[in-house]
Amino acid sequence: MLKISSVEKSYAHEDGRIPVLQGVSLALEQGQTLALTGESGSGKSTLLHIAAGLESPDAGSVHVLEQDVTAMDDSARANLRRRDIALVFQQFNLIPSLTVGTNISFQAALSGTADSAYEATLADALGLSDQLSKYPEALSGGQQQRVAIARALAARPNLLLADEPTGNLDEHTGAAVLEQMLDLVRKSGAALMVVTHSPKVAARMDRTLELSGGKVV
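Description of the structure in this document. Computed from a predicted model, the values in this text were never measured in an experiment.

1. Describing the overall build of the chain
Next up, step 1: Each helix and strand in the chain was counted, giving 7 helices and 10 strands.
Next up, step 2: Taken against the 2.2 N^0.38 rule, which gives 17 Å for 217 residues, the C-alpha radius of gyration of the chain at 17 Å falls within 12% of a compact globule.
Next up, step 3: Within the chain, the fraction of its 217 residues that count as buried is 50%.
Next up, step 4: For the chain, contacts bridging at least 24 residues in sequence account for 71% of all contacts bridging at least 6.
Next up, step 5: With the model as given, the accessible surface of the chain reaches about 9,900 Å², and the carbon-plus-sulfur share is 48%.
Next up, step 6: In the chain, which carries 18 positive and 25 negative side-chain charges, the distance between the mean positions of the two groups comes to 2 Å.

Below, the structure is given as structure tokens:
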């Protein structure tokens, strides 16, 4: 489902280039779950963005469903994300002009997988059923995070990438969110990669990969 091979990434700085990822490799099969852990600044979010084709590595390769993401142009990468990859960002990235219900269905509609009954089930499971007609600005940060997660799950992606998906949630809601993600994996055979600082979240994944200084430890 996902294969990352010897990925390198650095960014320009006034003192020269700062390495962020140094020869990182990993593989994630269909139906598998993986936690990316490590201290802040270790390269976890950068690796997630590279896996999604949002950033390009300086060296190495990324394959999703046996397709070479690093060889694609921007349009092809966008199509891949529309069809097969869903992301949950720390910043939520909800569309402010759309209601909660329309935000949830947005990516599924783009990918041709819209299912109103499934979307209603997700909204109920994540405690959003009474928020569907509201706009994102009327919601708390935790509620917006749940909308972002429902949107990602509604598209039934083959690969789900989540950056601290429970970071803005209380323990009870975070546990419900995690169960919905794992349920998607169980029912659809999707693969899940989660960036997390939570030992409890990491413990629920099949495997944990720790980054330190841009390297796997």
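2. Thoughts on the nonpolar core
Next up, step 1: Core analysis: the biggest nonpolar cluster contains 37 residues, and Leu-153, Leu-160, Met-181, Leu-192 and Met-205 have the highest contact counts within it.
Next up, step 2: Where this core is concerned, the elements lending two or more residues are β6 (85-88), α3 (100-111), α4 (116-125), α5 (141-154), β7 (159-163), α6 (171-188), β8 (191-195) and α7 (199-204).
Next up, step 3: Once you skip the residues sitting within four places of it in the chain, Met-205 turns out to touch Thr-33, Leu-34, Ala-35, Leu-178, Leu-182, Leu-192 and Val-194.

3. A look at the pairing of β8
Next up, step 1: Among the 5 residues of β8, 5 are classified as buried, and the element is accordingly described as predominantly covered.
Next up, step 2: On β8, burial covers both faces: Ala-191, Met-193 and Val-195 on one face and Leu-192 and Val-194 on the other are all buried.
Next up, step 3: Summarising the sheet, strand β3 (residues 33-37) and β8 pair through 4 bridges and their orientation is parallel. Bridge pairing links Leu-36 to Val-195 in β8.
Next up, step 4: Here 5 bridges tie β7 to β8, and the two strands are oriented parallel to one another.

4. Some words on the sheet that holds strand β5 (residues 67-68)
Next up, step 1: Judged by pairing direction, the sheet is antiparallel, and its 4 strands sit side by side in the order β2-β1-β4-β5 without closing on themselves. One side of each edge strand has no neighbouring strand; the edge strands of this open sheet are β2 (16-28) and β5.
Next up, step 2: Across 10 bridges, strand β1 (residues 2-13) lies against β2 in antiparallel orientation. Directly across from Glu-8, in β2, lies its bridge partner Gln-22.
Next up, step 3: The sheet strands contacting helix α1 (residues 44-51) are β1, β2 and β4 (59-64), and the helix crosses β1 at an angle near 120°.

5. Focus: the sheet that holds strand β9 (residues 207-212)
Next up, step 1: Strands sit in the order β6-β7-β8-β3-β9-β10 across an open sheet of 6 strands; the sheet is mixed. The open sheet is flanked by β6 and β10 (215-216), the only strands paired with a single partner.

6. A word on the pattern of salt bridges
Next up, step 1: The full count for this structure, using the stated rule, is 7 salt bridges.
Next up, step 2: Among the salt bridges present, the one from Glu-179 reaches Arg-186, with a minimum N-O distance of 3.9 Å.
Next up, step 3: By relative accessible area, which is 32% here, Glu-179 ends up partly exposed.
Next up, step 4: With a shortest N-O distance of 3.2 Å, Lys-187 and Asp-183 are connected by a salt bridge. Residue Lys-187 and its partner Asp-183 are both found in helix α6; the two are separated by 4 residues, about one turn of the helix.

7. Observations regarding the side chain of Thr-37
Next up, step 1: Looking at where Thr-37 falls in the secondary structure, it is placed in strand β3.
Next up, step 2: Other than its neighbours up to four places away in sequence, Thr-37 contacts Lys-44, Thr-196, Ala-202, Thr-208, Leu-209, Glu-210 and Leu-211.

8. Notes on the packing of α3 against α5
Next up, step 1: At a minimum axis separation of 7 Å, α3 and α5 run at an interaxial angle of 35°. The element α3 and its partner α5 pack so that their crossing is right-handed. Residues Val-100, Asn-103, Ile-104, Gln-107 and Ala-108 of α3 lie in contact with α5, whose contacting residues are Val-147, Ala-150, Arg-151 and Ala-154.
Next up, step 2: In the contact of α3 with α5, the residues fall into 6 nonpolar, 2 polar and 1 charged.

Cut-offs applied
Residues numbered from 1 in each chain as written. Predicted model: local features only at pLDDT ≥ 70, side-chain atom pairs only at ≥ 80, totals over all residues. Heavy atoms only, no water. Helix = DSSP H or I, 4+ residues; strand = E, 2+ residues; numbered from the N terminus. Rg over C-alpha atoms; globule rule 2.2 N^0.38 Å. Buried < 20%, exposed > 50% of the residue type's maximum accessible area, 1.4 Å probe, protein only. Contact = heavy atoms within 4.5 Å. Areas by Shrake-Rupley, 256 points an atom, 1.4 Å probe, with all protein chains shown as cover. Lys, Arg positive; Asp, Glu negative; His and termini not counted. Charge placed at Lys NZ, Arg CZ, Asp CG, Glu CD. Core = buried A, V, L, I, M, F, W, Y, C linked by side-chain atoms within 4.5 Å. Pairing = 2+ DSSP bridges. Axes fitted to C-alpha atoms, helices over the stretch in contact; angles between N-to-C directions. Salt bridge = Lys/Arg side-chain N within 4 Å of Asp/Glu carboxyl O. Left-handed = near helix turned anticlockwise from the far one by under 90°. Nonpolar A, V, L, I, M, F, W, Y, C, P; charged D, E, K, R; others polar.

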